Amino acid sequence: MQDRQATTIDDPVTARIVAFLTKIGIPVETATLEGDSFLPAMTVRNGALVFDPARLEWPGDLLHEAGHIAVTDPALRPMLSEVRSDPAEEMSAIGWSYAAALAIGLDPAIVFHEAGYKGGSESILENFGLGQYFSVPMLEYYGMTLTKKVAAERGMAPYPHMLSWLRTRTKQA
């Protein structure tokens, strides 16, 4: 059963993540969730990130799932109730969650923990730590950030600085 809870979030990392997501316009709800979706203790429902604070083991997973919401076509975002298995959106959610962790002062290892990313967390952290951001072209295409080259041409800050935390460009027909 999935009932809304009036819940205080006791974990300070979770509370920081939820405050950030709320501030940038991603709805967050707490609920008692039976079973799991792709990530334990959370799901996406009608464009909102819904999680079970009593069962949440990896708070950084909230940023990754929120990244999927953020990079979803804005015309589809309010109805989003299932994260698609789309490689471009997955890479974008990874890049988005890395930038979000930095923006709120969290160690990216909180997002890219040892139990996630099919054993690839260390590689992601290593590459991103070296400035090798495989997700930036898609995030730029979505209007959310700039590559180093484009940022230099425009006199602006490049990724991991974000121009917009929510995708504004719809899919071209």
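Scroll up a little and you will see the structure.
Okay, so let's go over this structure. (Residues numbered from 1 in each chain as written. Predicted model: local features only at pLDDT ≥ 70, side-chain atom pairs only at ≥ 80, totals over all residues. Heavy atoms only, no water.)

1. Some thoughts on the packing of aromatic side chains
Here's step 1: Evaluated as defined, the whole model comprises eleven aromatic pairs.
Here's step 2: Seen in terms of ring centroids, Y133 and Y159 are 4.6 Å apart; in terms of plane orientation they differ by 70°. Their pairing is edge-to-face. Here Y159 lies in the segment after helix 6 (148–154) and Y133 lies in the loop between helix 4 (121–129) and helix 5 (136–141), a separation of 26 residues in the sequence.
Here's step 3: Taken together, Y98, F112, Y117, F128, Y133, F134 and Y159 form an aromatic cluster joined through their ring pairs. (Phe/Tyr/Trp six-rings, centres within 6.5 Å; stacked < 30°, edge-to-face > 60°. Helix = DSSP H or I, 4+ residues; strand = E, 2+ residues; numbered from the N terminus.)

2. Section: the pattern of salt bridges
Here's step 1: The final tally for this structure, using the stated rule, is two salt bridges.
Here's step 2: In this structure, D86 and R84 form a salt bridge, with 3.6 Å as the shortest nitrogen-oxygen distance.
Here's step 3: Ionic pairing is found between E89 and R84, a salt bridge with its closest N-O pair at 2.8 Å.
Here's step 4: Under the relative-accessibility criterion, E89 is labelled buried at 8%. (Salt bridge = Lys/Arg side-chain N within 4 Å of Asp/Glu carboxyl O. Buried < 20%, exposed > 50% of the residue type's maximum accessible area, 1.4 Å probe, protein only.)

3. Points about the sheet that holds strand 2 (residues 42–45)
Here's step 1: What the three strands build is an open sheet, ordered 1-3-2; its pairing is mixed. Looking at the sheet topology across the chains shown, the edges are occupied by strand 1 (28–30) and strand 2. Between one strand axis and the next, the sheet turns through 25° on average, direction left out of account.
Here's step 2: When strand 2 meets strand 3 (residues 48–51), the two strands line up antiparallel, connected through four bridges. Counterpart to T43 in the pairing with strand 3 is V50.
Here's step 3: Across the sheet, helix 2 (residues 60–71) lies against strand 2 and strand 3, angled at about 155° from strand 3, the strand it touches most. (Pairing = 2+ DSSP bridges. Axes fitted to C-alpha atoms, helices over the stretch in contact; angles between N-to-C directions. Contact = heavy atoms within 4.5 Å.)

4. Digging into the nonpolar core
Soluble globular proteins tend to bury their nonpolar side chains together.
Here's step 1: Counting residues in hydrophobic clusters, the biggest one holds 40 residues, and the most contacted among them are F20, L21, I26, L63 and W96.
Here's step 2: Where this core is concerned, the elements lending two or more residues are helix 1 (12–24), strand 2, strand 3, helix 2, helix 3 (87–103), helix 4 and helix 5. (Core = buried A, V, L, I, M, F, W, Y, C linked by side-chain atoms within 4.5 Å.)

5. Notes on the packing of helix 1 against helix 2
Here's step 1: Contact pair helix 1 / helix 2: the axes reach a minimum separation of 9 Å and the direction vectors enclose 20°. Judged by the angle between their axes, helix 1 and helix 2 are roughly parallel. For the pair helix 1 and helix 2, contact is made by T14, I17, F20 and L21 and by G60, L62, L63 and A66, respectively.
Here's step 2: A breakdown of the residues in the contact of helix 1 with helix 2 according to their chemical character gives six nonpolar, two polar and no charged. (Parallel < 35°, antiparallel > 145°, perpendicular 65-115°, else oblique. Nonpolar A, V, L, I, M, F, W, Y, C, P; charged D, E, K, R; others polar.)

6. A few points about the side chain of E65
Here's step 1: With respect to the helices and strands, the residue E65 is situated in helix 2.
Here's step 2: Despite its burial, E65 remains without a salt bridge, the nearest opposite charge being carried by K118 at 12 Å.
Here's step 3: With sequence-adjacent residues up to four places away left out, E65 is seen in contact with L39, M42, V44, L49 and V83. (Lys, Arg positive; Asp, Glu negative; His and termini not counted.)

7. Quick look at the pairing of strand 3
Here's step 1: Across the two faces of strand 3 the burial is the same, with A48 and V50 and L49 and F51 all buried.
Here's step 2: Of the pairings in the sheet, the one linking strand 1 to strand 3 comprises three bridges and is parallel in character. Across the sheet, the residue bridging to E29 is V50, located in strand 3.
Here's step 3: A loop of two residues connects strand 2 with strand 3, the two strands running antiparallel in sequence, and N46 in this loop sits at a positive phi of about 50°.

Take it as geometry only, folks, not as evidence of what the structure does.
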